[in-house]
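Inside the fold
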Amino acid sequence: MVVSVDKDKNIYIGAKKVFPDSLESALRKYINEGDSIKPAVVINADSSAQWGEVVRVMKAARKLGATTSATVSGNE
C-alpha cells in the first residue's frame with residue numbers, strides 16, 4: 001500500500017485523503033484487507049513535507065504489524 005504525505009501535511013492512502021485522527025483506523029482497514037503475511041507500507045513524501053508526519057505514518061503502520069519504507073519526491 002502507498003501512503004503519501006504532501007507539503008501541507010495532507011495524508012493520502014492511495015488517492016483517498018485521510019485525516020490524522022483517523023490514520024491508524026484507515027491503515028488498519030487496508031492492512032487487514034491485504035492478503036500478504038507481512039503487509040508493507042511505502043510512504044511517498046514530498047521533499048517539502050514535514051518529517052513528523054512521515055514518522056506518524058511509520059509508527060502507525062508498524063504498530064499494526066506492517067513494514068515501512070519511505071521515498072522522497074519533488075523538486076531537487
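Residue numbering note: each chain is counted from 1, following its sequence as written. Only residues with pLDDT of at least 70 are given local features in this predicted model, and only at 80 or more are side-chain atom pairs given and counted; all residues enter the totals for whole chains, interfaces and linings. Side-chain metrics rest on all non-hydrogen atoms present in the structure, leaving aside hydrogens and water.

**Here we look at the pairing of strand S5 (residues 67-73)**
- At least two bridges found by DSSP between two strands are what make those strands a pair. Per the convention used, a helix needs a DSSP run of H or I reaching at least four residues, while a strand needs a run of E reaching at least two, with both numbered from the N terminus. With 7 bridges connecting them, strand S4 (residues 40-46) and S5 associate as parallel partners. Among the inter-strand pairings, Ala40 is bridged to a residue of S5, identified as Thr67.
- If the strands point away from the viewer and the path from the first strand over the helix to the second runs clockwise, then the crossover is right-handed. Between S4 and its parallel partner S5, the chain crosses via helix H2 (residues 51-63), and the hand of that crossover is right-handed.

**Structural notes on unusual backbone geometry**
- With a phi angle near 70°, Lys9 is a residue other than glycine that sits in the positive phi range.
- Relative to the assigned elements, Lys9 resides in the loop between strand S1 (2-5) and strand S2 (11-13).

**Some words on the nonpolar core**
- Definition used in this section: a nonpolar core is a set of buried Ala, Val, Leu, Ile, Met, Phe, Trp, Tyr and Cys residues joined via side-chain atoms within 4.5 Å. Buried, partly exposed and exposed residues are distinguished by accessible area as a fraction of the type maximum, computed with a 1.4 Å probe on protein chains only: under 20%, between the cut-offs, and over 50%, respectively. Membership of the largest hydrophobic core comes to 19 residues, with the highest contact counts inside it found for Val3, Val5, Leu23, Leu27, Val41, Ile43 and Val57.
- At the level of secondary structure, the elements contributing two or more residues to this core comprise S1, S2, helix H1 (23-33), S4 and H2.
- For this core, the leading source of residues is H2, giving 5 residues.
- Among all residues touching Val57, those that are not within four sequence positions of it are Val3, Val5, Ile11, Leu23, Leu27 and Ile43. Residue contacts are defined here by distance: any two heavy atoms, one from each residue, within 4.5 Å place the two residues in contact.

**Topic: the sheet that holds strand S3 (residues 16-18)**
- Across the sheet, 5 strands lie side by side as S3-S2-S1-S4-S5; this open sheet has mixed pairing. Every interior strand has two partners, whereas the edge strands, S3 and S5, have only one. Taken over all neighbouring pairs, the strand axes of this sheet differ in orientation by 25° on average, direction set aside.
- The axes are straight lines fitted to the C-alpha atoms, using for helices just the contacting stretch, and the angles between their N-to-C directions are given from 0 to 180°. Strands in contact with H2 are S1, S2, S4 and S5; relative to S5, the strand with the most contacts, it is inclined by about 160°.

**Considerations on the pairing of S4**
- Residues Val41, Ile43 and Ala45 line the buried face of S4, whereas the alternating positions Ala40, Val42, Asn44 and Asp46 sit on a face that is not buried.
- Pairing geometry for S1 and S4, over 4 bridges, is parallel. Bridged to Val3 within S4 is Ile43.

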